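Chains, contacts and geometry: an overview
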Amino acid sequence: PEEFHRYVAVAKVFPGPLSSLVAIRLGRAYAGGWAALLAGIGVILPAFAMILILAKTAATLDRYPSLSQLWVGLTLAAIAISFQATYKLTKPLYGSHSRFSTATLTTLIVVSGVLTYCFPRLEAVFIISSGVLALVWEQWRARQRPREVASIGILALIFATCFRASVFTFGSGIAMVPVLRSFFIEEHQWVTSHEFLTGLTL
């Protein structure tokens, strides 16, 4: 468990989807470079294939306005799954092996969450700062206690846009969503808000 959480923490400060980065790191730790490559392909390729099929299905279903509530329900379920994943990832940190008190961990989580919400572009700074702060806090406590698409141009632009979003967005895939929304809806008007939300739900 300690190794796994360390891999997750390190992956969070690198650009790209958290799940893929962790899978690649696990593959590398278990069986070397080829395993890392295969782990990455294994995580990304099925999702790529499935989202193409679902996107085609969504485009077909959009012709029927009566099904619009379907996307609302799926969106709520997707948000619930994100909360569940966060809970499962956080819960082991509160175990008996933790070096930090419940109050310290909760404070770091809440403060980091609020700051990231207010200043999403500085997420990596907050992650690193939380780590440093936790380390300093633990050292201080130790001293206090007894010792112990279409044209090539458009395709190139889509690639450049997604590449820019990936490189400058840190954390899980959901952290990239506001940046992609800014590019796809506000900057280029490539999709509508409804189409974007449908893609996010899928």
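The model shown is predicted, which means the values in this text are computed figures rather than measured ones.

**Digging into the overall build of the protein chain**
Looking only at helices and strands, the protein chain has nine helices and zero strands in total. For the protein chain, the succession of helices and strands along the chain, N to C, is α-α-α-α-α-α-α-α-α.

**Thoughts on helix α8 (residues 173-187)**
Here α8 is 15 residues long and its end C-alpha atoms lie 20 Å apart, about the 21 Å a rise of 1.5 Å per residue gives. Approximately 30 degrees is the largest bend angle found in α8, and it occurs at V179. Residues M176, V177, F183, F184 and I185 constitute the buried set of α8.

**Examining the pattern of salt bridges**
Summed over all chains, the structure comprises two salt bridges. E187 serves as the salt-bridge partner of R164, at 3.6 Å between the closest nitrogen and oxygen. Placement of R164 in helix α7 (residues 152-167) and of E187 in helix α8 is noted, with a sequence separation of 23 residues between them. For R164, a relative accessible area of 35% puts it in the partly exposed group.

**Section: the packing of aromatic side chains**
Per the stated rule, a full pass over the model turns up two aromatic pairs. Both rings, one in F159 and one in F163, keep their centres 5.9 Å apart while their planes meet at 25 degrees; by these two values the pair is stacked. Pair noted here: F159 and F163 are both in helix α7, with a separation of four residues, about one helical turn. Taking 5.0 Å as the distance between ring centres and 75 degrees as the angle between the ring planes, the aromatic pair formed by F184 and W190 counts as edge-to-face. Judged by its relative accessible area of 18%, F184 is buried.

**Here's the deal with the packing of α7 against α8**
The interhelical angle for the contact between α7 and α8, taken along N-to-C directions, is 150 degrees, at an axis separation of 9 Å. Considered as vectors, α7 and α8 are oriented roughly antiparallel to each other. The way α7 lies across α8 gives a crossing that is right-handed. Only M176, V179, L180, F183, F184 and E187 of α8 make contact with α7, whose side of the interface consists of T161, C162, R164, A165 and S166. Of the residues assigned to the contact of α7 with α8, the class counts are seven nonpolar, two polar and two charged.

**Considerations on the environment of E3**
With respect to the element layout, E3 can be found in helix α1 (residues 2-12). Look at E3 and you get partly exposed, because its relative accessible area is 49%. Taking C-alpha positions, E3 is 9.8 Å from A29, a pair spaced 26 residues apart along the chain.

**Details of a nonpolar patch on the surface**
On the surface, W34, L37, L38, I41, V43, I44, L45, F48, M50, I51, L52 and L54 cluster together to form a nonpolar patch covering roughly 1200 Å² of accessible area. Checked against the element boundaries, L54 lands in helix α3 (residues 33-61).

**Thoughts on the environment of F14**
Here F14 lies in the loop between α1 and α2 (18-31). Residue classification places F14 among the partly exposed positions, given a relative accessible area of 46%. Each C-alpha atom of the pair F14 and A124 lies 8.2 Å from the other, and the pair is 110 residues apart in sequence.

**Observations concerning the confidence of the model for the protein chain**
Predicted coordinates in areas of low pLDDT are best not read in detail. On average, residues of the protein chain score 79 in pLDDT, and 89% of them are at 70 or above. When pLDDT is averaged over each helix and strand of the protein chain, the minimum, 75, is found for helix α9 (residues 193-201) and the maximum, 88, for α2.

Definitions and limits used
- Residues numbered from 1 in each chain as written.
- Predicted model: local features only at pLDDT ≥ 70, side-chain atom pairs only at ≥ 80, totals over all residues.
- Heavy atoms only, no water.
- Helix = DSSP H or I, 4+ residues; strand = E, 2+ residues; numbered from the N terminus.
- Expected span 1.5 Å × (residues − 1).
- Bend = angle between axes of the 7 residues up to and from the residue.
- Buried < 20%, exposed > 50% of the residue type's maximum accessible area, 1.4 Å probe, protein only.
- Salt bridge = Lys/Arg side-chain N within 4 Å of Asp/Glu carboxyl O.
- Phe/Tyr/Trp six-rings, centres within 6.5 Å; stacked < 30°, edge-to-face > 60°.
- Axes fitted to C-alpha atoms, helices over the stretch in contact; angles between N-to-C directions.
- Parallel < 35°, antiparallel > 145°, perpendicular 65-115°, else oblique.
- Left-handed = near helix turned anticlockwise from the far one by under 90°.
- Contact = heavy atoms within 4.5 Å.
- Nonpolar A, V, L, I, M, F, W, Y, C, P; charged D, E, K, R; others polar.
- Patch = residues over 30% accessible without salt bridge, like charges linked within 9 Å, V, L, I, M, F, W, Y side chains within 5 Å.
- Areas by Shrake-Rupley, 256 points an atom, 1.4 Å probe, with all protein chains shown as cover.
- pLDDT = per-residue confidence, 0-100.

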